[in-house]
Amino acid sequence: MGAFVGINYFRSKEKAEETLKEVKRYSDGILLHGNVGKFDEAGKIVREFVDVAGRIDILVNNAGIYKRNKFEEISEQQWDEIIETNLKSCYNMCIHSLKHMKEGGKIIFISSQLAFRGSSHGADYAASKAGMLGLMRSLALELAARKINVNAIAPGTIDTDIIAGYSREQRMRRIEEIPLKRLGTPEDIANVCLFLASNLADYITGEVILVTGGLYIG
Ligand SMILES: NC(=O)c1ccc[n+]([C@@H]2O[C@H](COP(=O)([O-])OP(=O)(O)OC[C@H]3O[C@@H](n4cnc5c(N)ncnc54)[C@H](OP(=O)(O)O)[C@@H]3O)[C@@H](O)[C@H]2O)c1
């Protein structure tokens, strides 16, 4: 929709290049690189973007990892990695970006339906995604005075690399459970992001939109 887009990647350079190519069909953007879970790297990512774009109007906290483990199999190292990548990254990116965001700015958190439901194979992930919502609501309250809107999307099961480990049977079983009878697509999430990033959502802040095909109605 005409925005200049900074696309950050950590491990997947080629996929980031493909995404930038797609973005360039509509507008323009740059690639950025770094681990958003690390405070200083997040600062470098933001600086590099602002050096080119001059300011930040929209921040999407999208980075996330999931590891399928029962609670007692979660090592301390895994717990720290999940919390750092999924939750601390949001603190890191918000605190660095806010210096460059003016009135009318939008911050969007990509949480998960598991923030509400919990997860029988990912307590660390569910905790990180619920933590994001606490941060999101707090920022919405604090930043309302600056007219910056802060909201979250809680996706259901979306057909991306994060569910690449699902067997065919698991996919079919999940589709059967979803009232709309299909997995979500990245576009299903991007469309809601676009709405929240636009002026159409100027009177919405501190809100979570579930995008689950009806899997979680709560
Ligand atoms: N797919 C689902 O069913 C689902 C459901 C609910 C919520 N979500 C959330 O949606 C978001 C996007 O996930 P996805 O489904 O698109 O999965 P994905 O394809 O695995 O994408 C994960 C993204 O996070 C980035 N990332 C991971 N660790 C990072 C780090 N330390 N620093 C910077 N970037 C990092 C990855 O970049 P690199 O590949 O370059 O490392 C990749 O772009 C995640 O927050 C996920 O938790 C997904």
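Predicted model, so just to flag it, every value in this text is computed and none were measured.

Visitor: Describe the overall build of the protein chain, and please don't skip the residues or the numbers.
Guide: Counting its regular elements, the protein chain contains 7 helices and 6 strands. When the elements of the protein chain are put in sequence order from the N terminus, they spell out β-α-β-α-β-α-β-α-α-β-α-α-β. Expected size for 218 residues packed as a compact globule is a radius of gyration near 17 Å; at 17 Å, the protein chain falls within 12% of this value. Over its C-alpha atoms, taken along the principal directions, the protein chain stretches across nearly 50 × 35 × 35 Å. Buried residues in the protein chain amount to 31% of all 218 residues. Considering only contacts in the protein chain between residues 6 or more positions apart, those separated by 24 or more positions represent 71%.

Visitor: I'd like to hear about the site of the ligand, residue by residue, with values.
Guide: Around the ligand, a shell composed of 23 residues is seen, among which F10, S12, G64, T160 and I162 lie nearest. Of the residues belonging to the shell around the ligand, the class tally is 11 nonpolar, 10 polar and 2 charged.

Visitor: Tell me what's going on with the nonpolar core, and back it up with residues and numbers.
Guide: Membership of the largest hydrophobic core comes to 38 residues, with the highest contact counts inside it found for I108, I153 and C193. For this core, the elements supplying multiple residues, two or more each, are α2 (39–53), β3 (58–61), α3 (76–97), β4 (106–110), α4 (114–117), α5 (123–143), β5 (149–155) and α7 (186–197). At 6 residues, α5 tops the list of elements feeding residues into this core. What I153 contacts, discounting residues up to four positions off in sequence, is I108, I110, S111, I189, V192, C193, I209 and V211.

Visitor: Can you tell me about the pairing of strand β1 (residues 4–9), naming the residues and giving the values?
Guide: Remark: a regular strand shows side chains that alternate across the two faces of the sheet. In the sheet, β1 pairs with strand β2 (residues 28–33) via 6 bridges, with the strands oriented parallel. Across the sheet, the residue bridging to V5 is G29, located in β2.

Visitor: Outline α7, supporting the account with residue identities and numerical values.
Guide: In this model, α7 (12 residues) spans 16 Å end to end at C-alpha, consistent with the 16 Å of a helix rising 1.5 Å per residue. Along α7, the residues classified as buried are I189, V192, C193, L196 and A197. Looking straight down α7, one finds its buried side chains confined to an arc of 135 degrees; they lie on one side. What points out from α7, more than 90 degrees from its buried face, is the exposed set E187 and N191. Of the surrounding secondary structure, the elements contacted by the buried residues of α7 are β3, β4, β5 and β6 (208–211).

Visitor: Just give me the short version of unusual backbone geometry, but keep the residues and values in it.
Guide: In this structure, K147 takes a positive phi of about 60 degrees despite not being glycine. Judged by local crowding, K147 falls into the exposed class, with 12 C-beta atoms found within 10 Å. Positive phi, close to 60 degrees, is recorded for K181, a residue that is not glycine. Within the secondary structure layout, K181 lies in the loop between α6 (168–177) and α7. Overall, the presence of 10 C-beta atoms within 10 Å leaves K181 in the exposed class.

Visitor: Can you explain the packing of α2 against α3? Please cite residues and give values.
Guide: In contact at an axis separation of 9 Å, α2 and α3 are set at 40 degrees when each is read in the N-to-C sense. Taken together, the axes of α2 and α3 are oblique relative to one another. When the axes of α2 and α3 are compared, the crossing they make is right-handed. Two secondary-structure elements touch here, α2 through F39, A42, G43 and V46 and α3 through S89, N92, M93, H96 and S97. The class makeup of the residues in the contact of α2 with α3 is 4 nonpolar, 5 polar and no charged.

Rules of the game
Residues numbered from 1 in each chain as written. Predicted model: local features only at pLDDT ≥ 70, side-chain atom pairs only at ≥ 80, totals over all residues. Helix = DSSP H or I, 4+ residues; strand = E, 2+ residues; numbered from the N terminus. Rg over C-alpha atoms; globule rule 2.2 N^0.38 Å. Buried ≥ 20, exposed ≤ 12 C-beta atoms within 10 Å, placed from the backbone. Contact = placed C-beta atoms within 7 Å. Near = placed C-beta within 6 Å. Nonpolar A, V, L, I, M, F, W, Y, C, P; charged D, E, K, R; others polar. Core = buried A, V, L, I, M, F, W, Y, C linked by C-beta atoms within 7 Å. Pairing = 2+ DSSP bridges. Expected span 1.5 Å × (residues − 1). Arc of directions from axis to C-beta. Axes fitted to C-alpha atoms, helices over the stretch in contact; angles between N-to-C directions. Parallel < 35°, antiparallel > 145°, perpendicular 65-115°, else oblique. Left-handed = near helix turned anticlockwise from the far one by under 90°.

Everything listed here is a matter of coordinates, which is why it stays silent on function.
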